[in-house]
Structure formats: structure tokens, C-alpha cells
Amino acid sequence: MIIVMKNDATRAQAAQAIDWLSQFPVEATPIYGADTIVIGLVGDTTQVDEEMVMMREGVERVMKVSEPYKRANRKFHPDSSLIQVGDAVFGGTEIPVIAGPCSVETEEQILEVAQRVRAAGATLLRGGAFKPRTSPYSFQGLKAEGLIYMNKASQDTGLPIVTEITNISQIELFEQYADMYQVGARNMQNFELLKALGFSSKPVLLKRGFSNTIEELLMSAEYIMSNGNTNIILCERGIRTYETATRNTLDISAVPVLKRLSHLPVVVDPSHAGGIAWLVPALSKAAVAAGADGLIIEVHNDPANALSDGMQSLTPEDFERLMKELSQVATAVGRTITLS
Ligand code: PEP
Ligand code: MN
């Protein structure tokens, strides 16, 4: 259940309503938006009489929520959430672009890519150190060493880092070295990991599983949020369909649908969606035009010899060109992508 307070309602009136609600087995959370105070109720709301709620001072409206996710629900939080990572803000007018290699390979490689993508206008650095590969015989990542190299590249360039966590046991290391956790498609429903990340205060980039519905993605966000961490960025990275011409099918409609259902920012990953470098520019532009709040793009200094995902990686030159085009698309839809 969601209680929307009147525009001129005071925080004291919201507190009185919450006090009154304490007689029921529900948890009432006030959300103070720019214009509206909203009180979200989770728990057993069956005993809460809507008309009695309407009689509390300052209450404008009471809504029953049918969606199983509450904290991620836009009804619960009408204003879009702004999620800050370093100097980058997701969910506002500016569209931050995250770029970097699929995997951290050497200290020199990550530093070179970091410098090149920053020069082109990227505001966050990506790179995997713990790689969840389909084959156990493929490169599995540099693990802790990779995080240390990324951290050095971050210190040299000032770019905050986002990197994938695959297991709860890595949390201590990530708390020390990462600026944002990435939960990969293969771990979107690793509920123990999601619950554990709920106790962190660092933001989480939550990728949609390749066979998961939009509602399942939002329920995974709910897992993290229910333990207190509300700094979630959703990521559409392509889903599995019958089509074989592309690695996955970019579900572009997921962008406006997620933005309508949830207040959380939505980032698009055109690299894993298309799986081929020449597709990345078109998919990136489509994502910005569709309202994405950010992009995460794979860039490698030597794609032909990359240890993972070379086929879909842009060269730094390709990336620089793309950023200029994206900046124009952003302007056309009332957003900005600032080139450095
Ligand atoms: C990645 O970002 O390198 C990755 C493995 O992505 P996904 O989890 O979307 O497959
Ligand atoms: Mn990859």
C-alpha cells in the first residue's frame, strides 16, 4: 500500500500517520521527494482500512500496489532516483558512459584503456577481475590482482570503477577496491549475494539475466533494497531469443518499461547485447534515444588479442567517434553527454 501526502503536507503530518500505522503489522517508510511525501507500507496490509488512512491529516491518496516489488516501484517513489558514483550521477539529465575492457588483463592494459576512454568522455571505468565464463577452460580473470590494477588505474585517471562480483566471499575485497558492484546476468538471481549486497552502502549495477523477465529483474533489485541498500542501477544487456544473428537480442522496450515501473536509473549494455563491435554504435544510439540513463561499453586497446569478448570490443578510436555521435543524440532528446 502506498500513501501519497498532499503537496502542502508537512513531515510532522507524515510522522503522525506513521505513528498511527504502528498498530498494524506493517513497516511504514516515508520517502521525501522533491515535491511529494510518500509513505510506503510493506507487510500485512489487509487490516489497514483505506478510508481510515484517508482520514489522517495531510493524506491525499491511498493506493493498493499489486506489483510484488515495493521499494523498487515508482508508485512508492514517484521521483526518479539519482545514483551517484564518484562524480557521475545516473538518473539525471547527464548520461554517464561506463567504458573499459571485458577483463582486466595486465596493469598496462587497464591503465592505457582507462586513459583513452577518459579522454573520450567516459566517466567510469569497467573491467572484470572475477570472470563468470561459460567454459571452465576460458580465462577466469586475474581475481584480486585485477582489482588492484583497476584501483591503480582509477587513482591515475580519477575514474571510479565498476567490476563484477561473483561470490559473497569477495565482498571484503570489493569494499576495499570497487566503487560500484556489478552483478552479472548469470548472478541476477543469486539471492544470497543480493541479500549480502543489501548491507553495503556502495551502489550496485544489477544486470538482467538473459532469460529473466522485467518483473524478475525488479524483484532482484527488491532483494538488495529490502536490506537497506537503495543505490541500485538496473542494466538491460540483451536477452536470449530465437534469433542467432546477434549474441543476444537487445530488449530496447525494457528501457521505457523499466523507467515507467521503477524510479531506479536504467543503463544499457550494447556490447553483450549485440556481441559484435560494429553493432555497438547503433544499439548505443538507440538506447540513448529510448531514454537510457547510462551506457556500459566494452573497449579494448587490442580487441584481436583480447582474453575475453574481443569480437564485441571497440577500439579506443571507435569509442571516441561513438561518443561524439552519442553526444548529439543525447542533445536531440533533451539530455547531455559531456565530452571531456
Ligand atoms: C560483463 O560485463 O563482462 C559480463 C560478463 O556481462 P553479463 O553478465 O551481462 O554477461
Ligand atoms: Mn564481457
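Because the structure is predicted, anything quoted here is derived from the model rather than measured.

## So, the overall build of the protein
From N to C terminus, the protein includes eleven helices and 14 strands. The C-alpha radius of gyration of the protein comes to 21 Å, within 12% of the 20 Å expected for a compact globule of 340 residues. Dimensions of the protein, computed from the C-alpha atoms along their principal axes, are close to 65 × 45 × 45 Å. Scored against the burial criterion, the 340 residues of the protein give a buried share of 55%. Counting contacts in the protein only where the partners sit at least 6 residues apart, residues at least 24 apart contribute 68% of the total. Of the roughly 14500 Å² that the protein leaves accessible, carbon and sulfur atoms contribute 51%. Distance between charge centroids for the protein: 3 Å, based on 30 positive and 40 negative side chains.

## So, the sheet that holds strand E4 (residues 59-63)
Sheet architecture is open: four strands sit in the order E2-E3-E1-E4, paired in antiparallel fashion. Each edge of the open sheet is held by one strand with a lone partner, namely strand E2 (26-32) and E4. Strand-to-strand, the axes of this sheet are offset by a mean angle of 20°, without reference to chain direction. In this structure, strand E1 (residues 2-5) lies alongside strand E3 (residues 37-43), joined through three bridges in antiparallel fashion.

## Thoughts on the packing of aromatic side chains
Applying the stated criterion across every chain, the model contains four aromatic pairs. For the pair phenylalanine 130 and phenylalanine 174, a centre-to-centre distance of 5.8 Å together with 35° between the ring planes defines the contact as tilted. Placement of the pair is phenylalanine 130 in the loop between strand E8 (124-126) and helix H4 (144-157) and phenylalanine 174 in helix H5 (residues 171-177), with a sequence separation of 44 residues. Judged by relative accessible area, which is 0%, phenylalanine 174 ranks as buried. Aromatic side chains phenylalanine 174 and tyrosine 181 sit 5.8 Å apart centroid to centroid with 5° between the ring planes, which places their arrangement in the stacked category. Neither phenylalanine 174 nor tyrosine 181 differs from the other in exposure class; each is buried. Each member of the aromatic cluster is reached from another via a ring pair, and the members are Phe130, Phe174 and Tyr181. Seen from the ring of tryptophan 20, arginine 56 lies directly overhead, with NZ or CZ sitting 4.2 Å from the centre. Lying over the aromatic face of phenylalanine 210, arginine 240 brings its terminal NZ or CZ to 4.8 Å of the ring centre.

Cut-offs applied
- Residues numbered from 1 in each chain as written.
- Chains lettered and ligands numbered in written order.
- Predicted model: local features only at pLDDT ≥ 70, side-chain atom pairs only at ≥ 80, totals over all residues.
- Heavy atoms only, no water.
- Helix = DSSP H or I, 4+ residues; strand = E, 2+ residues; numbered from the N terminus.
- Rg over C-alpha atoms; globule rule 2.2 N^0.38 Å.
- Buried < 20%, exposed > 50% of the residue type's maximum accessible area, 1.4 Å probe, protein only.
- Contact = heavy atoms within 4.5 Å.
- Areas by Shrake-Rupley, 256 points an atom, 1.4 Å probe, with all protein chains shown as cover.
- Lys, Arg positive; Asp, Glu negative; His and termini not counted.
- Charge placed at Lys NZ, Arg CZ, Asp CG, Glu CD.
- Pairing = 2+ DSSP bridges.
- Axes fitted to C-alpha atoms, helices over the stretch in contact; angles between N-to-C directions.
- Phe/Tyr/Trp six-rings, centres within 6.5 Å; stacked < 30°, edge-to-face > 60°.
- Lys NZ or Arg CZ within 6 Å of the ring centre and 35° of its normal.

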